[in-house]
Amino acid sequence: MDKNFQEDECIQIIKFKPPLYKQRHQFVKDLVEKYKPKKVADLGCADCSLLRMLKFCSCIEVLAGLDICASVMKEKMHTLSPLPVDYLQPSERSLTVTLHHGSVAHKDPCMLGFDLVTCIELIEHLEESELQKFPEVVFGFMAPSIVVISTPNSEFNPLLPGVMFYRHPDHKFEWNQAQFQSWALETARCYDYSVEFTGVGHPPTGMEKVGFCTQIGVFVRKYPQTGASVQSEKPTEAVYKTVFKAVYPSLKDEKYLQNAVISEVIFTAQIIKHRLISKREENGDDPERKSKFQPSMDSFSDYLGKLVVEKNMQPFVSGNEVYIPLATIFSFPKVNRLCGTFEKLCKLIAGKVTLSSDGSAVMFNIEHENEEN
């Protein structure tokens, strides 16, 4: 009776902050930040909540989700679509997100070439026949550099309120620490992986032997996989059905890069023009002084002043026209980073920005501006 009373007390005091699912997701995110994988697949992605978090990781260029239940994915897949801001401010990296309907017991070539594969609270949902095929599909066929598998620790169950047998009605089994580690070590041995064990959801003080609420195995492939071994296992036909695909706007795409460069060139040239006209008006009617750019003391104009002195790239006014040399614009860090080379800058803005007759400067006509003023 006393023992049961103590267990009831433990049940009442266990409350995970943040919630356990968030701790699992954060564990994966921390792993991504450590290893910087470019291609990540989440097996058993369900409502895509982990994928939604991972799409903001700047190192990831390809995200894929797989689940046996298409309806669950379809309910939330719209949350993986690009937002308007993604088109207004395209990222410097490319990102493609794809969702597939299928079983982890089947091989499909679309799952080849991934750096990291996550299986978060997945294996306990597999039938015995599926669990037997799972290691060969994930570790033998897909063979990513890293695999993360999380699963409930049954030793923790007596501490959880309302858990009489399994934590979820769809669970086919729940392993204790020894069972999970035995399976993981044998799997790692068979497929040349190492494995380390950890988890999330700490037990109450004094009950450390119970272990984490969620036990986690992190598998790392010992040897690089050869192209020949991948090809020999590659099935001839796809077995998964693609239910969603989103390609995010990226500056690696020439059309988005061109738009970004044009906007930045015009923005930079407009600021320089504004500074030039302001100084021209301040200098009065002196034709010598008003035709030259005189930098002010703020940091932006100080930077322009250095360009004028060091590189002789001086904006100037001629009649109602203002000329901003492309060389000056190219020297600004953001324009330089976007274009890479001066030749690329010229190519991207050709026919899109008004230039001087020799093509060396952005040109503005200020006649209408003067009339409005």
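Model, not experiment: these values are computed from the prediction.

*Asks:* Can you help me understand the nonpolar core in this one?
*Replies:* A general tendency of soluble globular proteins is for nonpolar side chains to be buried together. In this structure, Val32, Leu54, Ile60, Leu99, Val148, Phe156 and Phe244 are the most contacted members of the largest nonpolar core, which totals 39 residues. Within the residue set of this core, elements represented by two or more residues are α2 (20-35), α3 (49-54), β3 (96-101), β4 (116-120), β5 (146-152), β7 (214-221) and β8 (241-247). Among residues more than four places away in sequence, those in contact with Leu54 are Val28, Lys29, Val32, Val40, Ile60 and Leu63.

*Asks:* When you look at the pairing of strand β2 (residues 62-67) in this model, what are you seeing that I'm missing?
*Replies:* With five of six residues buried, β2 is to be regarded as a mostly interior element. Pairing analysis gives five bridges linking strand β1 (residues 39-43) to β2, with the strands arranged parallel. Along β2, the bridge assignment pairs Asp42 with Gly65. Since β1 and β2 lie parallel, the crossover through α3 that links them has a hand, and here it is right-handed. Where β2 and β3 come together, six bridges link them in parallel fashion. Looking at β3, one finds that Ala64 is bridged to Thr98.

*Asks:* How should I be thinking about the pairing of strand β10 (residues 321-325) in this particular structure?
*Replies:* Along any regular strand, the residues point their side chains to alternate faces of the sheet. Across the five residues of β10, four count as buried, placing the element largely inside the fold. Two strands pair when backbone bridges link them, and strand β9 (residues 316-318) and β10 are joined in this way by three bridges, in the antiparallel orientation. Within β10, the residue paired with Val317 across the bridge is Val322. With antiparallel pairing between neighbouring strands as the criterion, β9 and β10 make up a hairpin whose turn holds two residues, including Gly319 at a positive phi of roughly 65°. Alignment of β10 against strand β11 (residues 361-365), held across five bridges, turns out to be antiparallel. Within β11, the position partnered with Pro325 by the bridge is Ala361.

*Asks:* Help me understand the side chain of Asn153, please; the structure alone is not making it clear to me.
*Replies:* For Asn153, the position within the fold is in the loop between β5 and α7 (177-190). The buried category is assigned to Asn153, whose relative accessible area is 0%. A distance of 3.1 Å separates a polar atom in the side chain of Asn153 from the backbone nitrogen of Glu155. At 2.8 Å, the side chain of Asn153 forms a polar contact with the backbone oxygen of Val210. The residues touching Asn153, leaving out its near neighbours within four places in the chain, are Arg167, Trp175, Asn176, Gln177, Val210, Gly211, Phe212, Cys213 and Gln215.

*Asks:* Any chance you could explain the side chain of Arg93 here in plain terms?
*Replies:* For Arg93, the location among the structural elements is in the loop between α5 (84-88) and β3. Buried charge Arg93 goes without a salt bridge, the closest partner of opposite sign being Asp86 at 7.5 Å. A polar contact of 2.9 Å, which involves the side chain of Arg93, links it to the backbone oxygen of Cys57. Beyond its immediate stretch of four places on either side in the chain, Arg93 contacts Lys55, Phe56, Cys57, Ser58, Ile60, Ser250 and Lys252.

*Asks:* I tried to follow unusual backbone geometry on my own but got confused; where do I start?
*Replies:* Glycine aside, residues mostly have negative phi angles, and peptide bonds mostly take the trans form. Note that the residue after Lys17, namely Pro18, is joined by a cis bond; omega there is -10°. Within the secondary structure, Pro18 is located in the loop between α1 (2-13) and α2. Even without being a glycine, Cys48 presents a positive backbone phi close to 70°. Position of Cys48 relative to the elements: it lies in the loop between β1 and α3.

*Asks:* What exactly am I supposed to notice about the sheet that holds β11 here?
*Replies:* Strand pairing within a sheet occurs via backbone hydrogen bonds; the two strands may be parallel or antiparallel. Across the sheet, which stays open at both edges, the three strands sit in the order β9-β10-β11 with antiparallel pairing between neighbours. Only two strands of the sheet have a single partner each, and these edge strands are β9 and β11. Across the sheet, the axes of successive neighbouring strands diverge by a mean angle of 25°, strand direction being ignored.

*Asks:* How should the sheet that holds β2 be read in this particular structure?
*Replies:* Read from one edge to the other, the open sheet built from eight strands follows the order β6-β7-β5-β4-β1-β2-β3-β8, with strand pairing classed as mixed. Of all strands in the sheet, those with a lone pairing partner are β6 (193-200) and β8, marking the two edges. Here the strands of the sheet are splayed against their neighbours by 15° on average, with no regard to which way each runs. Strand contacts of helix α6 (residues 128-142): β1, β4, β5, β6 and β7, with the helix running at about 160° to β5, the strand carrying the most contacts.

*Asks:* What's the story with the packing of aromatic side chains in this structure? I'm lost.
*Replies:* For any two aromatic rings, the description comes down to two numbers: the centre-to-centre distance and the angle of the planes. According to the stated counting rule, one finds 14 aromatic pairs in the structure shown. On the numbers, 5.5 Å between centres and 40° between planes, the contact of Trp175 with Trp183 is tilted. Classification of Trp175 as buried rests on a relative accessible area of 13%. An aromatic cluster of three or more residues is present, and its members are Phe134, Phe173, Trp175, Phe180, Trp183 and Phe197. Lys39 extends its terminal NZ or CZ atom over the ring of Phe114, reaching a point 5.1 Å from the ring centre.

Cut-offs used in this document
Residues numbered from 1 in each chain as written. Predicted model: local features only at pLDDT ≥ 70, side-chain atom pairs only at ≥ 80, totals over all residues. Heavy atoms only, no water. Core = buried A, V, L, I, M, F, W, Y, C linked by side-chain atoms within 4.5 Å. Buried < 20%, exposed > 50% of the residue type's maximum accessible area, 1.4 Å probe, protein only. Helix = DSSP H or I, 4+ residues; strand = E, 2+ residues; numbered from the N terminus. Contact = heavy atoms within 4.5 Å. Pairing = 2+ DSSP bridges. Right-handed = clockwise from strand over helix to strand, strands pointing away. Polar contact = N/O pair within 3.5 Å; in protein donor to acceptor, adjacent residues only side chain to side chain. Lys, Arg positive; Asp, Glu negative; His and termini not counted. Salt bridge = Lys/Arg side-chain N within 4 Å of Asp/Glu carboxyl O. Axes fitted to C-alpha atoms, helices over the stretch in contact; angles between N-to-C directions. Phe/Tyr/Trp six-rings, centres within 6.5 Å; stacked < 30°, edge-to-face > 60°. Lys NZ or Arg CZ within 6 Å of the ring centre and 35° of its normal.

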